[in-house]
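Structure assessment
Residues per chain are reported as follows:
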Amino acid sequence: MGTLELVMISVGLAMDAFAAAVCKGLAIQDATPKQMSVIGAWFGVFQAVMPLLGFFLGYNFKSYIESIDHWIAFILLGTIGINMVKEALSGKKENVDVSISVKSMLPMALATSIDALAVGITFACLNVNIYASVILIGCITFAISSVGVKIGNVFGIRYKSKAELFGGAVLIFIGIKILFEHLGFIGV
């Protein structure tokens, strides 16, 4: 897997966190750089740790699933992407707590990073430098989430569903690409 694909996966994974950060930005009266950084750090750290956990889980079972790893990657990324697209198109409004305390941020960071766990399992089936990947995922998520707080604070909810839709589409595309590479439809 190349750097461009890892960046695309990172951006795709960050879209849930971005959407949650936009909602946080809506709830915060005037977003300060400290609030933006704290929220970005929560999402960035969880988005980095979860694929690492998934990688080690998947790596332990790699010998059992090697012959179907491309199908697993396709199904996991496709399912995550489809769920993100469905959520984006549902139009549901969420009530968000203005606090950036552990009690408020932990559930949000965990909920937005579950898909990253599944991507980590996928990484175990592919030729991926996991440490570079999780650093990239964490940094991109931190940056996108920090900016998302400010965007939510300034522009409101209109970009939340577009971000989730984009992230879902990216993950679906990458899942299809992995499947097509393994089936020989595209050169690796």
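Residues numbered from 1 in each chain as written. Predicted model: local features only at pLDDT ≥ 70, side-chain atom pairs only at ≥ 80, totals over all residues. Heavy atoms only, no water.

What about the packing of aromatic side chains?
A complete count under the given rule lists 4 aromatic pairs for this structure. Note on Phe55 and Tyr59: the rings are 5.8 Å apart at their centroids and 25 degrees apart in plane angle, and the pair reads as stacked. Of this pair, Phe55 and Tyr59 both sit in helix H2 (residues 33-60), separated by 4 residues, roughly a single helical turn. When its relative accessible area of 11% is taken as the criterion, Phe55 is described as buried. Aromatic rings pair up to connect Phe55, Phe56 and Tyr59 into one cluster. (Phe/Tyr/Trp six-rings, centres within 6.5 Å; stacked < 30°, edge-to-face > 60°. Helix = DSSP H or I, 4+ residues; strand = E, 2+ residues; numbered from the N terminus. Buried < 20%, exposed > 50% of the residue type's maximum accessible area, 1.4 Å probe, protein only.)

Considerations on helix H5 (residues 102-125)
The first and last C-alpha atoms of H5 sit 34 Å apart over 24 residues, in line with the 34 Å expected at 1.5 Å per residue. Along its length, H5 shows its largest kink, about 40 degrees, at Ser113. (Expected span 1.5 Å × (residues − 1). Bend = angle between axes of the 7 residues up to and from the residue.)

A look at the side chain of Asp115
Here Asp115 is to be found in helix H5. For Asp115, a relative accessible area of 7% corresponds to the buried category. Among all residues touching Asp115, those that are not within four sequence positions of it are Leu13, Asp16, Gln47, Ile80 and Met84. (Contact = heavy atoms within 4.5 Å.)

Examining the nonpolar core
Counting residues in hydrophobic clusters, the biggest one holds 28 residues, and the most contacted among them are Ile9, Leu13, Val119, Phe123 and Ile144. When contributions to this core are tallied by element, the ones reaching two or more residues are helix H1 (3-27), H2, helix H4 (69-90), H5, helix H6 (130-155) and helix H7 (160-183). Top element by residues in this core is H1. It accounts for 7 residues. Those residues within four positions of Ile144 in sequence are excluded, and the remaining contacts are Val11, Ala14, Met15 and Phe18. (Core = buried A, V, L, I, M, F, W, Y, C linked by side-chain atoms within 4.5 Å.)

Digging into H1
Helix length check: H1, at 25 residues, gives a terminal C-alpha distance of 35 Å against a target of 36 Å (1.5 Å per residue), a fit within 8%. Residue Met15 marks the point of greatest curvature in H1, where the axis turns by about 35 degrees. Judged by how many residues are buried, H1 sits mostly within the fold: 18 of 25 residues are covered.

Some words on the side chain of Ser133
Its location among the elements puts Ser133 in helix H6. When residues no more than four places from it in sequence are discounted, the contact partners of Ser133 are Leu6, Phe123 and Val128.

Side note on the environment of Asn129
Here Asn129 is to be found in the loop between H5 and H6. Distance in space between the C-alpha atoms of Asn129 and Met1 is 9.0 Å, their sequence separation being 128 residues. Side-chain polar atoms of Asn129 contact the backbone nitrogen of Ala132, separated by 3.2 Å. (Polar contact = N/O pair within 3.5 Å; in protein donor to acceptor, adjacent residues only side chain to side chain.)

A short note on the packing of H1 against H2
Following both chains from N to C, one finds H1 and H2 inclined at 155 degrees, their axes separated by 10 Å at the closest point. Classified by the angle between their axes, H1 and H2 sit roughly antiparallel to one another. Classified by chirality, the crossing of H2 by H1 is right-handed. Only Ile39, Phe43 and Gln47 of H2 make contact with H1, whose side of the interface consists of Leu13, Ala17, Ala20, Ala21 and Lys24. Of the residues contributing to the contact of H1 with H2, the split by class is 6 nonpolar, 1 polar and 1 charged. (Axes fitted to C-alpha atoms, helices over the stretch in contact; angles between N-to-C directions. Parallel < 35°, antiparallel > 145°, perpendicular 65-115°, else oblique. Left-handed = near helix turned anticlockwise from the far one by under 90°. Nonpolar A, V, L, I, M, F, W, Y, C, P; charged D, E, K, R; others polar.)

What to know about a nonpolar patch on the surface
Together, Ile68, Trp71, Ile75, Ile176, Phe180, Leu183 and Phe185 give the surface a local cluster of nonpolar side chains, amounting to about 660 Å² of exposed area. Elements represented by at least two residues in the nonpolar patch include exactly H4 and H7. No other element matches H7, which puts 3 residues into the nonpolar patch. Tracing the chain through its elements places Trp71 in helix H4. For Trp71, a relative accessible area of 37% translates into the label partly exposed. (Patch = residues over 30% accessible without salt bridge, like charges linked within 9 Å, V, L, I, M, F, W, Y side chains within 5 Å. Areas by Shrake-Rupley, 256 points an atom, 1.4 Å probe, with all protein chains shown as cover. Salt bridge = Lys/Arg side-chain N within 4 Å of Asp/Glu carboxyl O.)

In short, shape yes, function no, at least from these values alone.
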